[in-house]
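Residue-level structural notes
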Amino acid sequence: QVQLVESGGGLVQAGGSLRLSCAVSGSIFSINAMGWYRQAPGKQRELVAAISSGGITNYKDSVKGRFIISRDNAKNTVYLQMNGLKSEDTAVYYCNLGPTLRGRVPGDYWGQGTQVTVSS
């Protein structure tokens, strides 16, 4: 059974940093792309960043230069380093296993979500 467990969300002031982690159970992690998505109140879930099994990355335009997605296949974990946080980054962040088309189409497995709140 595949499980994704996120951690690292919280409350931070504008301009601050947070690092999200997503640990994936099972041996399928290394062969799959991973993605981070977010959903703000009243808005649709959107792609934030994706990373292929080979480490190729793709980012939402508004987070380029501020966020970094990375993965550690030995630990079955994907990370999202978020720097220079803005109030508009406030959302619930979800990790996803197996997105395709550079993250534009999410896979079937989701984490439970972690809240990120940026105060201005």
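Figured I'd write up the structure that's included with this text. One numbering rule holds for all chains: residues counted from 1, following each sequence as written. With the structure being a predicted model, the display of local features is reserved for residues of pLDDT at least 70 and the display and counting of side-chain atom pairs for 80 or more, all residues being used for whole-chain, interface and lining totals. To get the side-chain values, all heavy atoms of the structure are used, and hydrogens and water are removed first.

So, the nonpolar core
- Put simply, a nonpolar core is a bunch of buried Ala, Val, Leu, Ile, Met, Phe, Trp, Tyr and Cys residues held in one set by side-chain atoms that sit within 4.5 Å of each other. Only protein chains enter the area calculation, which uses a 1.4 Å probe; residues under 20% of their type maximum are buried, those over 50% are exposed, and those in between are partly exposed. Residues Met 34, Trp 36, Leu 80, Met 82 and Tyr 93 are the most contacted members of the largest nonpolar core, which totals 27 residues.
- The way it works is that DSSP assigns letters per residue, a run of H or I at least four long becomes a helix, a run of E at least two long becomes a strand, and they are numbered from the N terminus. If you list the elements that add at least two residues to this core, you get β3 (18-24), β4 (34-39), β5 (46-51), β7 (67-72), β8 (77-82), β9 (91-97) and β11 (114-119).

Focus: the sheet that holds β3
- Strands are labelled as partners when DSSP assigns at least two bridges between them. Taking strand neighbours across the sheet as the criterion, the four strands line up as β1-β3-β8-β7 in an open arrangement whose pairing is antiparallel. The open sheet has two edge strands, β1 (4-7) and β7, and neither has a second partner. Going from strand to strand, the sheet's axes swing by 15° on average, the running direction of each strand aside. Interaxial angles span 0 to 180 degrees and are taken between N-to-C directions of axes, which are lines fitted to C-alpha atoms, for helices over the stretch in contact.

Notes on the state of the cysteines
- For this text, the term disulfide refers to a pair of cysteine sulfurs within 2.5 Å. A full pass over the atoms with the stated rule returns one disulfide.
- Two residues share a disulfide in this structure: Cys 22 and Cys 95, whose sulfurs sit 2.0 Å from each other. In this structure the cystine formed by Cys 22 and Cys 95 twists about its S-S bond by roughly 45°; its chirality is therefore right-handed. Pair noted here: Cys 22 is in strand β3 and Cys 95 is in strand β9, with a separation of 73 residues, a long-range link.

A word on the packing of aromatic side chains
- Centre distance within 6.5 Å is the pairing criterion for rings of Phe, Tyr and Trp, where only the six-membered ring of Trp is used; planes under 30 degrees apart are then read as stacked, over 60 as edge-to-face, and the remainder as tilted. Throughout the structure, instances matching the rule amount to two aromatic pairs.
- Aromatic pair Tyr 37 and Trp 110: ring centres 5.1 Å apart, planes at 70°, arrangement edge-to-face. Of the two residues, Tyr 37 is situated in strand β4 and Trp 110 in strand β10 (residues 109-110); the sequence distance between them amounts to 73 residues.
- On the basis of relative accessible area, Tyr 37 is assigned to the buried category, the value being 3%.

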